[in-house]
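So the chains spell out like this:
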Amino acid sequence: MEAGSILRPISWPPKRPLRRLLPSFVRASSDDLQSGGYRGLKPKRDWISEWVSNNDDTVRSLPIYVGGISLLAVLFNRSVSGIAPVADASSSQSRADLLTLGLAVTNVLTGLVWLSIRPKSISVVIPQGVECQRICPDLPDTLISELLWFWETLSVVTCCRSLVIVYQSSCLLQIGVAAECSTNGGDAVIVDAKKLMQGSLYQGVMKSGAQSYLANLSLYPGRSELPFLPSNTQAVILQPLGDKGIAIIGGDTVRGFTNADQAWITLIAEKLDATLSKFANNLKLAVQG
Amino acid sequence: MRSLYLNPFIQLRLPLQFRAFRDSCSSSHSYICKCNRRIRKFGSISARLNNSEETKQQQQQLNLSVLRFTLGIPGFDESILPRWIGYGFGSLLLLNHFVGSNSTITPAQLSSEALGLSLAAFSIALPYLGKFLKGMTPMDQSTLPDGNVQIFVMSENLSDTQKEDLAWGTYILLRNTNTISVLISIQDALCVRGYWNTPEDVSKASIIDWFKRQIDQLGLSDLKDTLYFPQSPDSGLWVMLPKGTRSLLVQPVLRAPNSSANETKEIEGLVMLASSMSYAYSNKDRAWIAAVANKFRGENTCTYF
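Residues numbered from 1 in each chain as written. Chains lettered and ligands numbered in written order. Predicted model: local features only at pLDDT ≥ 70, side-chain atom pairs only at ≥ 80, totals over all residues. Heavy atoms only, no water.

### Considerations on the nonpolar core
- Among the nonpolar cores identified, the biggest contains 67 residues, and F150(A), L163(A), I165(A), I249(A), F257(A) and L173(B) are the most heavily contacted of them.
- With 10 residues, helix α6 (residues 141–157) of chain A is the largest single contributor of residues to this core.
- Within the second largest apolar cluster, 26 residues are counted, among which are W196(B), I207(B), I215(B) and L218(B). (Core = buried A, V, L, I, M, F, W, Y, C linked by side-chain atoms within 4.5 Å. Buried < 20%, exposed > 50% of the residue type's maximum accessible area, 1.4 Å probe, protein only. Helix = DSSP H or I, 4+ residues; strand = E, 2+ residues; numbered from the N terminus.)

Next up, the structure:
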């Protein structure tokens with residue numbers, strides 16, 4: 001039984017990129033706080049944190065320049081003072097210079113370490129496909145709400161752009177960007193749940209019972225088992241929903257899902273599985289009907 | 001699974017201390033480290049400017065991984081090493097100035113010492129600045145402060161589904177964040193879990209009412225914006241917070257924008273998280289916490305409340 005189109009419009013808050021959410025998290029407007037009735041102190045703006053975040057490259061290089069300039073300054077000071085440039089710790093001047101050189105080298109090395117662990121930003125790839133909103137009809141409202149909350153969460157917080165949920169041999173939800181059907185232009189490719197379940201990706205996930213993260217989907221031959229995802233989907237998480245279903249989460253960035261995302265998705269999937277199990281009988285009727 | 005959510009004594013997530021450069025490289029994060037590339041020559045080091053120059057810069061980038069090292073001390077965080085070096089060398093500079101000088105201190109020496117002390121101060125500040133760089137994960141280890149009691153209480157007269165949702169919500173927040181205390185208040189339902197500083201004279205039966213009074217006194221029920229105190233909120237004001245709280249996040253639960261016009265109240269409740277770490281909640285953490293809070297909205301989610 002394939003998922004039908006939704007019978008009622010699904011409206012949810014428009015997807016907001018994580019970046020736009022950030023200012024409201026960090027800043028607390030005193031006007032809003034006062035009008036809202038809150039009577040406590042408001043958090044102070046963290047200028048240093050914001051400055052460092054906004055000038056990441058500069059801050060990473062800063063210790064190198066500070067250390068390098070200090071190093072030159074010590075040598076210059078020594079030469080101008082007429083002191084012989086020897087590594088001699090017998091005089092207090094030399095000891096002070098050596099300690100200062102040690103600190104300068106420490107700063108330079110710290111800057112080099114910061115540069116060496118600079119994150120590599122990977123560009124987002126806009127998925128090629130059509131917008132899709134398919135949900136199995138006649139599902140209970142509470143279940144629909146939970147499924148849509150799951151989608152909203154993934155699409156706002158992570159790089160997820162496509163979501164498919166298959167449970168008890170049926171596709172319950174296909175939402176986001178999907179591959180365009182070649183025969184029926186403009187429509188999304190329908191999820192063949194039975195074929196998916198016979199594939200190696202599904203079998204492997206069900207056998208292990210653990211989440212499978214395909215960080216760079218183009219490297220995996222099993223990609224062909226997911227024809228409903230946009231052809232340029234960059235990363236995929238295959239999350240088992242108990243032993244009866246799977247959530248297929250497609251992202252637009254190679255290695256776009258972080259360790260934290262994976263952990264959250266695993267725990268949320270457990271809740272989703274519990275909810276789906278509760279409505280298992282209703283699901284059977286909805287799918288057959 | 002239900003028993004796991006309702007288990008009052010769940011193991012809190014305590015991030016292990018680890019070496020920043022190694023672990024940030026070993027994660028499957030999209031921001032991968034530049035590792036294992038051959039050294040070609042030591043040229044000038046330039047910061048990445050924009051994506052269009054990425055290819056060119058990749059060819060010029062150096063393998064700096066050889067500079068990373070570890071002292072091999074288990075549990076020791078090497079990212080704070082510059083701070084200790086700053087303290088040590090700065091102390092030696094002062095010692096050299098007051099004790100090590102046999103004759104009159106020359107201007108050159110004073111210049112060196114001033115420069116050295118400035119560098120020491122900068123070195124001490126470096127780990128603090130490094131905390132806010134992209135890709136860095138919190139280095140502090142969350143601790144369970146003494147003098148707090150672990151509790152797990154819910155309002156009475158809740159349905160099984162409501163209890164399950166609240167138990168799951170508190171469970172997932174405690175498991176996946178650096179949180180030691182969580183409170184979820186949705187309309188008349190309240191769930192408190194984790195380590196809290198409750199008065200000894202408050203009975204278990206009235207503890208829920210006590211928390212509600214604290215929330216009302218602060219006016220948190222009317223909070224519309226997210227509150228995040230990354231460092232030591234005023235403990236005198238927040239009486240209910242556990243001792244040793246160093247980060248506090250209050251996430252309001254607002255009604256979905258497309259809700260029916262019959263409901264006039266916009267604010268559904270709040271989710272409060274406390275941690276014994278400073279800067280405990282990254283941007284990503286706060287986004288996930290907001291998503292979990294949205295789970296308890298009316299209309300758009302399970303309408304249990």
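### Details of the sheet that holds strand β4 (residues 212–214) of chain A
Residue and element names in this part refer to chain A.
- Judged by pairing direction, the sheet is antiparallel, and its 6 strands sit side by side in the order β1-β3-β2-β6-β5-β4 without closing on themselves. Edge positions in the sheet fall to β1 (130–135) and β4, since each has one partner strand and no second. Each strand of the sheet is rotated relative to its neighbour by a mean of 15 degrees, with strand direction disregarded.
- Pairing analysis gives 6 bridges linking β1 to strand β3 (residues 170–178), with the strands arranged antiparallel. Counterpart to V130 in the pairing with β3 is A178.
- Its contacts with the sheet place helix α8 (residues 200–208) against β4, β5 (235–241) and β6 (245–251), and it is angled at close to 120 degrees to β6.
- Each of β2 (160–167), β3, β4, β5 and β6 touches helix α9 (residues 259–278); the most contacted strand, β5, lies at about 40 degrees to it. (Pairing = 2+ DSSP bridges. Axes fitted to C-alpha atoms, helices over the stretch in contact; angles between N-to-C directions. Contact = heavy atoms within 4.5 Å.)

### Thoughts on the sheet that holds strand β1 (residues 149–154) of chain B
All names here are of chain B.
- Taken in spatial order, the 6 strands make up an open sheet running β1-β3-β2-β6-β5-β4, and their pairing is antiparallel. Of all the strands in the sheet, the pair left with one neighbour each is β1 and β4 (227–229). Between one strand axis and the next, the sheet turns through 10 degrees on average, direction left out of account.
- Strands in contact with helix α7 (residues 207–218) are β1, β2 (181–186), β3 (189–196) and β6 (267–275); relative to β3, the strand with the most contacts, it is inclined by about 95 degrees.

### Regarding the confidence of the model for chain B
All names here are of chain B.
- In the predicted model, chain B carries a mean pLDDT of 75, and 65% of its residues have values of at least 70.
- Across chain B, the secondary-structure element scoring lowest on mean pLDDT is helix α2 (residues 20–26), at 37, and the one scoring highest is helix α8 (residues 283–294), at 94.
- With pLDDT under 50 throughout, residues 14–53 is counted as low confidence; its partners more than four residues away or in other chains account for 94 contacts.
- A low-confidence stretch, residues 300–305 (pLDDT under 50), is modelled with 27 contacts involving residues beyond four sequence positions or located in other chains.
- At the level of chain-chain contacts, confidence expressed as ipTM amounts to 0.79, with global pTM at 0.75. (pLDDT = per-residue confidence, 0-100.)

### Notes on the domain arrangement of chain A
- Looking at chain A, the domain boundaries give domain 1 (47–116) and domain 2 (124–288).
- When each unit is reduced to the centre of its C-alpha atoms, the spacing between domain 1 of chain A and domain 2 of chain A is 53 Å. (Domains from an automatic or database assignment.)

### Here we look at the pairing of β1(B)
Residue and element names in this part refer to chain B.
- By the criterion of burial, β1 is predominantly enclosed, with 5 of the 6 residues buried.
- Judged from the 6 bridges that link them, β1 and β3 form a sheet pairing that is antiparallel. Residue pairing across strands places Q150 opposite Y195, the latter belonging to β3.

### With respect to the environment of N54(A)
- Relative to the assigned elements, N54(A) resides in helix α3 (residues 47–54).
- The class for N54(A) is exposed, based on a relative accessible area of 62%.

### Topic: the environment of A247(A)
Residue and element names in this part refer to chain A.
- Relative to the assigned elements, A247 resides in strand β6.
- Looking at A247, the relative accessible area reads 0%, which means it is buried.
- Distance from A247 to Y167, taken between C-alpha atoms, is 8.5 Å for residues 80 residues apart in sequence.
- When residues no more than four places from it in sequence are discounted, the contact partners of A247 are F150, V164, I165, I237, L238, Q239 and L241.

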